[in-house]
Amino acid sequence: MTFGSNAESMIKLIKMKLKMKKLRSTLLIAGIVLGMGTMNAQNCDGLEITLNQHVQARTFSQGYPVLQQALQQCPDKKINYYNFGETILVSMIANTQNEAEKAKYARELSELIDKRLKNFPNEKKTFWQGEKINYELQYGLIDQKEALNRYDALFAVEDDDEEDSAQKVSANTTLNYFVTALELLNEQKVDFDKALEVYFATRKLAEDNIDLRSEEYGVLAVKLDSLQQIDPNKKLSDRETQIMAIAQQSKDLFVTVHEQMEGILSEYTTCENVAPTFANQFEEKKNDFDWLTNSLESLAMLECFDSDLYAALDQQRTAVWRKNNPQAATTTSVAPTSSRGTVTASSYARGVTQYNSNNFSAALSSFNEALNEVSGAQRGDVSYYIALTHQKMGNNTQAINAAKRAAGFKAGWGAPYQLIASIYGSNANSCGSTTFQKLTAYWIAADYANRACSVDSRSCGWARSAAASYEANGPTAEMVFQQGLSKGARVSVTCFGGESTRVR
């Protein structure tokens, strides 16, 4: 029993020692692994810092092997590897005269984007696919025909979120797609219809980005203006200031793209030149609701509302919609916009045609009807036409009210403020009974001109000149003194609904 008891105790002790030894081994291994993980994480951080230093110092050749090490050891840890890597490889391509080396670095740049997409698949996927096409085209890794096919596929990707759709590619990708189609058209490798399809796709994307960035910038610009009405020294937060700067920069890029596109093709994209493209496809695609909608949108972008083709497309689209929606009441309106948002409502088109024919009373009725058919920023477009129509009819108070509504519906758009400025500037004699009151209207005109520029850089060329002219016509310092006023005091006018401004 004693032996048995001792034996059992020995066996238990041996088992316990074995367990302890195994546990120590496990802990030791775990410690090594955890230590390696910590060291690896620290090494990844260090590589990121080193890459940043090389990029800042522009020592790209020294940064190149660090990039290779980072991509090998930590490919999915730091997205900055890819940001710094793009800068390094583009610079390496630019700084070598050896064609073989250029091709090598170009392939590595393409592979870098592939790795980025693999390791960070949710980080602006479509954007980087577009950048890959741009680089491969620029450095001769693909020809223009292949590039066009890949751009086609890229732009065919639809996003449910309109904002995501607008931001999906860069200004550079948009312009490259357009230019590639034009160059292939010049070489007779694509026909005019294809070039026109690309033109409408890229123009729409550019305009969507301009509108999106205008809204981002405009909302903050209005906030800043409101703050400075109370205290001229008030400022936005640093974050808001940064958002404004980024929005303005992005918007300016797409404005440049849009202007270049229009400068190249404006004489060819008239209603007369564009209509045959859609007319030739009408019989084949007359039962395709999406094609009918997009065709209407394309014609609407050019304001080809008074063409017979627009009326035929609109009528056919309504018929197809009714056929596909038999349960809908006959009084239910067909959705007035395409998936990309351009106003194609029948009453809006009718209103534009009537406006262009100087039938302002009928146009006003049509535009008011269109307001019930559209939503969001599209109401800004319609309201602006209402403002223009009222102005033509001599209803300046109504015109200003409609322009303010247009600006409210479409933040970051300078045109409504330009219209208000011009109404005050052209009708100063209607603003009060004294000379001082009448001249004060010029200060208000200047305020609105400046606001047009502050929310929309596209308005600045006109606005700066107009504001300077209005300021020059405003009350003199002597008149201000005679009124017993001082700089910064508030003064008002009662014309066109009333406004106030600061004494200069």
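For the structure, check the block above.
Residues numbered from 1 in each chain as written. Predicted model: local features only at pLDDT ≥ 70, side-chain atom pairs only at ≥ 80, totals over all residues. Heavy atoms only, no water.

### Observations regarding the pairing of strand S2 (residues 499–502)
Here is step 1: Because side chains alternate across S2, one face comprises the buried residues Glu499 and Thr501, and the other comprises Ser500 and Arg502, none of which is buried.
Here is step 2: Note: strand S1 (residues 490–493) against S2, four bridges, orientation antiparallel. In the strand pairing of S2, serine 492 is matched with serine 500.
Here is step 3: If you look at the hairpin formed by S1 and S2, you'll find five residues sitting between the two strands, and phenylalanine 496 has a positive phi there, around 55 degrees. (Buried < 20%, exposed > 50% of the residue type's maximum accessible area, 1.4 Å probe, protein only. Helix = DSSP H or I, 4+ residues; strand = E, 2+ residues; numbered from the N terminus. Pairing = 2+ DSSP bridges.)

### Observations regarding the side chain of threonine 126
Here is step 1: As for its placement among the helices and strands, threonine 126 is situated in helix H5 (residues 125–138).
Here is step 2: Residue classification places threonine 126 among the buried residues on the basis of a relative accessible area of 15%.
Here is step 3: Once residues lying within four places of it in the same chain are set aside, the contact partners of threonine 126 are Leu154, Lys168 and Val169. (Contact = heavy atoms within 4.5 Å.)

### Comments concerning the packing of aromatic side chains
The way to describe two aromatic rings as a pair is by their centre distance and the angle between their planes.
Here is step 1: Applying the stated criterion across every chain, the model contains 21 aromatic pairs.
Here is step 2: Ring centres of tyrosine 355 and tyrosine 385 lie 5.4 Å apart, and the angle between their planes is 75 degrees; on these two criteria the pair is classed as edge-to-face. Of the two residues, tyrosine 355 sits in helix H14 (residues 346–356) while tyrosine 385 sits in helix H16 (residues 378–392), which places them 30 residues apart along the sequence.
Here is step 3: Owing to a relative accessible area of 10%, tyrosine 385 belongs among the buried residues under this scheme.
Here is step 4: Taking NZ or CZ as reference, lysine 410 lies 4.6 Å from the ring centre of tryptophan 413, over its face. (Phe/Tyr/Trp six-rings, centres within 6.5 Å; stacked < 30°, edge-to-face > 60°. Lys NZ or Arg CZ within 6 Å of the ring centre and 35° of its normal.)

### Side note on the environment of tyrosine 82
Here is step 1: The residue tyrosine 82 is located in helix H3 (residues 80–95) in this model.
Here is step 2: The spacing of tyrosine 82 and leucine 71 is eleven residues in sequence and 8.6 Å in space, taken between C-alpha atoms.
Here is step 3: Setting aside residues no more than four positions away along its own chain, tyrosine 82 makes contact with Leu71, Pro75, Leu112, Lys115, Arg116, Asn119 and Phe120.
Here is step 4: Within the local environment of tyrosine 82, its side chain forms a polar contact with the side chain of asparagine 119, the two groups lying 3.2 Å apart. (Polar contact = N/O pair within 3.5 Å; in protein donor to acceptor, adjacent residues only side chain to side chain.)

### Let's talk about the nonpolar core
Here is step 1: Counting residues in each nonpolar core, the largest one holds 88 residues, and the members touching the most others are Phe367 and Tyr424.
Here is step 2: Broken down by element, this core gets its largest block of residues, ten residues, from helix H19 (residues 435–455).
Here is step 3: With residues near it in sequence (within four places) discarded, phenylalanine 367 still touches Tyr348, Gly351, Val352, Tyr355, Val382, Tyr385, Ile386 and Thr389. (Core = buried A, V, L, I, M, F, W, Y, C linked by side-chain atoms within 4.5 Å.)

### Overview of the state of the cysteines
Here is step 1: A complete count under the given rule lists four disulfides for this structure.
Here is step 2: A sulfur-sulfur separation of 1.9 Å characterises the disulfide bridge that pairs cysteine 431 with cysteine 495. As the torsion about the S-S bond is roughly 85 degrees, the cysteine 431-cysteine 495 disulfide counts as right-handed. On the criterion of sequence distance, the pair formed by cysteine 431 in the loop between helix H18 (415–426) and H19 and cysteine 495 in the loop between S1 and S2 is long-range, its members being 64 residues apart.
Here is step 3: The class for cysteine 431 is buried, based on a relative accessible area of 1%.
Here is step 4: For cysteine 495, a relative accessible area of 7% corresponds to the buried category.
Here is step 5: Between the sulfur atoms of cysteine 453 and its disulfide mate cysteine 460 the distance is 2.0 Å. Between cysteine 453 and cysteine 460, the S-S torsion sits near 95 degrees, and that sign places the bridge as right-handed.
Here is step 6: Look at cysteine 460 and you get buried, because its relative accessible area is 8%. (Disulfide = S-S within 2.5 Å.)

### Some details on unusual backbone geometry
Here is step 1: Positive phi, close to 60 degrees, is recorded for arginine 58, a residue that is not glycine.
Here is step 2: Along the chain, arginine 58 turns up in the loop between helix H1 (2–57) and helix H2 (60–73).

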